[in-house]
Amino acid sequence: MDSDMLAGVIEGILFGAGDKISLSELCQSLNKTPSEVRFAIEILKQDYQSRARGIRVVQVKDTYQLSTKPENYEYIKEITKRQEKTGLSRAALETLSIIAYRQPVTRIAIDELRGVSSSSAIQRLLDRGLICDGGRLEAPGRPILYKTTNEFLKTVGFSSLKEMPEYEVFSQGRQEEFNLEIMTNETPKKETSHEEMLTEMLEKATGSEPSAEAAQ
Amino acid sequence: MDSDMLAGVIEGILFGAGDKISLSELCQSLNKTPSEVRFAIEILKQDYQSRARGIRVVQVKDTYQLSTKPENYEYIKEITKRQEKTGLSRAALETLSIIAYRQPVTRIAIDELRGVSSSSAIQRLLDRGLICDGGRLEAPGRPILYKTTNEFLKTVGFSSLKEMPEYEVFSQGRQEEFNLEIMTNETPKKETSHEEMLTEMLEKATGSEPSAEAAQ
Amino acid sequence: MDLLIHLIQKNKIDICDIPIAAITNEYLAQIKTWQDMDMDVASDFIVMAARLLEIKARALLPQNKDQAEDEEDIQAKLVRQLIEYKVFKEISAYFKTREEREQGAIYRDPEYIPTNETEAPLEIDPVSLELCFKRLLFQQEEETEDIAPPQKIIRELFSIEEKILEITEALLQAGDEGVSFSELLHPDITREEVVVTLLSLLEMVKTSGLRLVQNRVFIDFQIEREVEKNG
């Protein structure tokens, strides 16, 4: 079996299984070395880059799975009558991003950073399988340490944690005042207007004090 | 959209649907003529002839479906068998969980919740004797209702369905079927403490004024 | 948190110089316009107000010299924390766009491959079954989460506006003497109505020249109309 044929067989397996398949499973049942299998998968990936292809290989660590290309979702959604999936809530996303960059981390540390209790968000992330128990902190009370799962990587489209942008990318973005390209057009707008409303409220509150005093 | 891109979109549709899709459905939802769609499918077919490809388009009259190439059957069977040894596939487990909690339930209802076609998973569960035909729904088409079997109870180690963990207790977000008693007991308490906080805040904030006046 | 960051960056406000009374007034004003408010903003405002109060309270408390951190340290810590939080907000916006993109990927169910061979007995962990089901449900219901578990919203039985009218009426009838707080409370009054009565009184003190006279703490107090007294 040459690499081309191996690529074909692997495509068949991934298509037939539907689910994710690990490198070791592929090696075992095909009786091939990891590097042979990896090379064949590279051939597939190359192939899928063509615009004439509508599928892709999703790799999370050493597991592989086929999926449709997200950019075609609008066309596919209609004909396959898919229900709109709902994304994570703001609270869950905030909690998730703290866990992603600070893992392993305790609930208390997350609460402190967010300024509000995160226990319901954490429960939700656990239920969704995006985070898991990553041991205990050797401190009084031995609190649970949370870390992200492979399901998290799949949800945000990374093949490993190493692919996440450095924390510094974001902290520098702060100094440059919202010059982050990665941020969409939609979300920050909403965020800003939210912020603006709050600012207005507080400014009104703080602004009104001198006049109230003057009136006395 | 050129033919190449159309081919990619169609591949995505056929992949995502899992089922047969007719030419007219494709034309309608893509807003293309039959000859345009046929041409794009020819591009796909051409592509699939390569040995590096493990899938093919199966055409029956004017319907299309993707499937694995029969010559790779042995490899695919091998890996499916391997997976089955370690338990049910994710698809089968998801389907089983829906049937267990929502029984008796139709295939359509399962598809809707999972967002993909579950017919293959249902077939697998029927084969394994974990679910069975539980009558018909009195609705157009009289669809089959599925329910779990005694074999299922044995497999999960329960003596009756009543032993199933209650998911409502954990999923706080659910609106329907939520335990009303818990709500009525808890909420007023919370309401009061909120009010108390507010009162406290108010007293603190305004409290200085009346007492100052009273001192006059 | 959002707002605090904003203000600190703009240097408009010193964390320790936050006028609590003013914020509380604003809070009260907001209650009136409650209906047309975005609940998200409203709850954020409450959280923020509470936070400011806490900071203020800490600043007002006598400093303990044994404390490891002095006031400036606490402030610096807060600023650091705020900036950090801001960074994580940006990260979560980034994750959101990635998540949205990935939601467009469609996965496929396994192809049905019949196996004739006798299969090994299965053992399924019921917990995994339950988790599976919950996960499926959550994918459709996540958006309900942001504020918390479903709660019954209790209809407001007593409004401050109505109560103010009621009190004004009582004061008019009582004349110069005024009324005592206890006179405003009927025997089978609910806790809620007491609170509303108190709130209304406080509101009236602020807006319509009312004065409260209490001779000693923990006893009933008298409510008088200031305008008439002066006049």
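Conventions and cut-offs
- Residues numbered from 1 in each chain as written.
- Chains lettered and ligands numbered in written order.
- Predicted model: local features only at pLDDT ≥ 70, side-chain atom pairs only at ≥ 80, totals over all residues.
- Heavy atoms only, no water.
- Helix = DSSP H or I, 4+ residues; strand = E, 2+ residues; numbered from the N terminus.
- Buried < 20%, exposed > 50% of the residue type's maximum accessible area, 1.4 Å probe, protein only.
- Areas by Shrake-Rupley, 256 points an atom, 1.4 Å probe, with all protein chains shown as cover.
- pLDDT = per-residue confidence, 0-100.
- Contact = heavy atoms within 4.5 Å.
- Core = buried A, V, L, I, M, F, W, Y, C linked by side-chain atoms within 4.5 Å.
- Axes fitted to C-alpha atoms, helices over the stretch in contact; angles between N-to-C directions.
- Parallel < 35°, antiparallel > 145°, perpendicular 65-115°, else oblique.
- Salt bridge = Lys/Arg side-chain N within 4 Å of Asp/Glu carboxyl O.
- Expected span 1.5 Å × (residues − 1).
- Pairing = 2+ DSSP bridges.

Moving on: the overall build of chain A. Looking only at helices and strands, one finds 10 helices and 6 strands in chain A. When burial is assessed residue by residue, chain A has 50% of its 216 residues classed as buried. Of the roughly 10,300 Å² of accessible surface on chain A, 49% is carried by carbon and sulfur atoms.

Moving on, we come to the confidence of the model for chain A. Residues and elements named next belong to chain A. Within chain A, residue pLDDT values average 81, and 78% of them lie at 70 or more. Per-element confidence in chain A is highest for strand 6 (residues 144-148), whose mean pLDDT is 96, and lowest for helix 10 (residues 186-215), whose mean pLDDT is 46. Confidence drops under pLDDT 50 across residues 174-194; counting only partners more than four residues distant or on other chains, this segment forms 29 contacts. Low confidence marks residues 207-216, where pLDDT is under 50. Its contacts with residues over four positions away, or in another chain, come to 6 contacts.

Let us look at the nonpolar core. Taken as a class, soluble globular proteins show a tendency for nonpolar side chains to be buried jointly. Core analysis: the biggest nonpolar cluster contains 53 residues, and Ile-10, Leu-26 and Leu-66 of chain A together with Ile-10, Ile-13, Leu-26 and Leu-66 of chain B have the highest contact counts within it. Counting residues in each nonpolar core, the second largest holds 32 residues, with Leu-130, Ile-131 and Leu-153 of chain A together with Val-87 of chain C among its members.

All names here are of chain A. Here helix 1 (residues 3-17) crosses helix 3 (residues 34-48) at 75°, and the two axes come no closer than 8 Å. With respect to their mutual orientation, helix 1 and helix 3 come out roughly perpendicular. The segment helix 1 lies against helix 3, with Ser-3, Asp-4, Leu-6, Ala-7, Ile-10 and Glu-11 engaging Glu-36, Val-37, Phe-39, Ala-40, Ile-41, Ile-43, Leu-44 and Tyr-48.

Turning our attention to the pattern of salt bridges. One pass over the full model with this rule turns up 31 salt bridges over all chains. Via salt bridges that share partners, Glu-11, Asp-47 and Arg-53 of chain A together with Glu-11, Asp-47 and Arg-53 of chain B belong to a single interconnected network.

Moving on, we get to helix 5 (residues 90-102) of chain A. Residue and element names in this part refer to chain A. The end-to-end C-alpha separation of helix 5 is 18 Å, in line with the 18 Å expected for 13 residues at 1.5 Å each. Judged by how many residues are buried, helix 5 sits mostly within the fold: 11 of 13 residues are covered. Buried within helix 5 are the following residues: Ala-91, Ala-92, Leu-93, Glu-94, Thr-95, Leu-96, Ser-97, Ile-98, Ile-99, Ala-100 and Tyr-101.

Looking now at helix 7 (residues 119-127) of chain B. If you check which residues of helix 7 of chain B are buried, you get Ser-120, Ala-121, Ile-122, Arg-124 and Leu-125 of chain B. Following helix 7 of chain B by one or two positions, Gly-129 of chain B has its phi on the positive side, about 75°.

To continue, consider the pairing of strand 2 (residues 55-60) of chain B. Residues and elements named next belong to chain B. Here strand 2 runs beside strand 3 (residues 63-68); their pairing, made up of 6 bridges, is antiparallel. Residue pairing for strand 3: Val-60 is matched across the bridge by Thr-63. Here strand 2 folds back onto strand 3, and the loop between the two strands holds 2 residues, one of which, Lys-61, carries a positive phi near 50°.

Attention now goes to the sheet that holds strand 3 of chain B. What holds strands together in a sheet is hydrogen bonding between their backbones, with the strands either parallel or antiparallel. Residues and elements named next belong to chain B. Reading across the sheet, the 3 strands line up as 1-3-2 and stay open at both edges, with antiparallel pairing between neighbours. This sheet does not close on itself; its edge strands, each paired only once, are strand 1 (21-22) and strand 2. Across the face of the sheet, helix 1 (residues 3-17) comes into contact with strand 1, strand 2 and strand 3 while running at roughly 75° to strand 3.

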